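Each chain is listed here by its residues.
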Amino acid sequence: MNSFPRQKKIFYALLLIAAATAALFETGVLPKGGLTAGYTMEVATIFLTFGLIFLAIKAYSIRMKQVKESDDETLTTTCRRMMEIRLALLFVVIIMNIGLFYGTGGENMLYCALAGLMAYIYSYPGDKSTEQLREQ
């Protein structure tokens, strides 16, 4: 039985939006270039990217440890909410870096988008999330 159908729909919808954004830039519908990325902007984007990835992963872990001893309904509700927050944070990372990559042409933005995408894919909502929390 699937415990998180809404979160999986959100996962695929946000992934589709990110792919569509990249496709719009590649086909020329959205203009490429026009932004100048200085060293400071690239460094700030790198720190923001990895800060949001760390926050998305760590906040989920910390919050789930806090409610581990709660009843099943509270645990499931918190798990669902934290999954949505984590997916939203990682989506911001991906979209921000895709936009900056196509806006500036800086390769570092592409690498940051790929790092966000990898974290996003590994954050896929699993069916056994609450059972694993109970076992820990």
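Residues numbered from 1 in each chain as written. Predicted model: local features only at pLDDT ≥ 70, side-chain atom pairs only at ≥ 80, totals over all residues. Heavy atoms only, no water.

## Structural notes on helix 2 (residues 39-66)
Next, step 1: Look at helix 2: 40 Å from first C-alpha to last across 28 residues, which is about the 40 Å you get at 1.5 Å a residue.
Next, step 2: Within helix 2, burial applies to Glu-42, Thr-45, Thr-49, Leu-52, Ile-53, Ala-56, Tyr-60 and Met-64. (Helix = DSSP H or I, 4+ residues; strand = E, 2+ residues; numbered from the N terminus. Expected span 1.5 Å × (residues − 1). Buried < 20%, exposed > 50% of the residue type's maximum accessible area, 1.4 Å probe, protein only.)

## As for the packing of helix 3 (residues 72-104) against helix 4 (residues 107-122)
If you want to describe how two helices pack, look at the angle between their axes and the distance between the axes.
Next, step 1: Contact geometry for helix 3 and helix 4: axes closest at 8 Å, N-to-C directions at 160°. Relative to helix 4, the element helix 3 lies roughly antiparallel. Read as a crossing pair, helix 3 and helix 4 show a hand that is left-handed. Touching Leu-87, Leu-90, Phe-91, Val-93, Ile-94, Asn-97, Ile-98, Leu-100, Phe-101 and Thr-104 of helix 3 are Glu-107, Met-109, Leu-110, Cys-112, Ala-113, Gly-116, Leu-117, Ala-119 and Tyr-120, all from helix 4.
Next, step 2: Taken together, the residues of the contact of helix 3 with helix 4 sort by class into 15 nonpolar, 3 polar and 1 charged. (Axes fitted to C-alpha atoms, helices over the stretch in contact; angles between N-to-C directions. Parallel < 35°, antiparallel > 145°, perpendicular 65-115°, else oblique. Left-handed = near helix turned anticlockwise from the far one by under 90°. Contact = heavy atoms within 4.5 Å. Nonpolar A, V, L, I, M, F, W, Y, C, P; charged D, E, K, R; others polar.)

## Focus: the packing of aromatic side chains
Next, step 1: By the definition in use, this model includes 4 aromatic pairs.
Next, step 2: Arranged with centres 4.8 Å apart and planes meeting at 10°, the rings of Phe-25 and Tyr-102 form a pair that is stacked. Here Phe-25 is found in helix 1 (residues 5-27), whereas its partner Tyr-102 is found in helix 3, with 77 residues between them in sequence. With respect to burial, Phe-25 and Tyr-102 carry one shared label: buried.
Next, step 3: Through successive ring pairs, a cluster of aromatic residues spans Phe-11, Tyr-12 and Tyr-120.
Next, step 4: For the cation-ring pair, Arg-86 lies above Tyr-60, with the distance from its terminal atom to the ring centre recorded as 4.0 Å. (Phe/Tyr/Trp six-rings, centres within 6.5 Å; stacked < 30°, edge-to-face > 60°. Lys NZ or Arg CZ within 6 Å of the ring centre and 35° of its normal.)

## Some remarks on the packing of helix 2 against helix 3
Next, step 1: Interaxial distance between helix 2 and helix 3 falls to 9 Å at its minimum, and their mutual angle equals 170°. Here helix 3 runs roughly antiparallel to helix 2, going by the angle between their axes.
Next, step 2: Taken together, the residues that form the contact of helix 2 with helix 3 break down as 19 nonpolar, 5 polar and 2 charged.

## Section: helix 4
Next, step 1: Helix length check: helix 4, at 16 residues, gives a terminal C-alpha distance of 23 Å against a target of 22 Å (1.5 Å per residue), a fit within 8%.
Next, step 2: Residues Met-109, Cys-112, Ala-113, Gly-116, Ala-119 and Tyr-120 constitute the buried set of helix 4. Seen from one end, helix 4 has its buried residues packed into an arc of 125°, which puts them on one side. Projecting away from the buried face of helix 4 at angles above 90 degrees are the exposed residues Glu-107 and Tyr-122. (Arc of directions from axis to C-beta.)

## Side note on the confidence of the model for the protein chain
Low pLDDT marks stretches whose predicted atomic positions should not be read closely.
Next, step 1: With 85% of its residues at a pLDDT of at least 70, the protein chain reaches an overall mean of 81.
Next, step 2: Ranking the helices and strands of the protein chain by mean pLDDT puts helix 4 first, with 89, and helix 5 (residues 129-135) last, with 52. (pLDDT = per-residue confidence, 0-100.)

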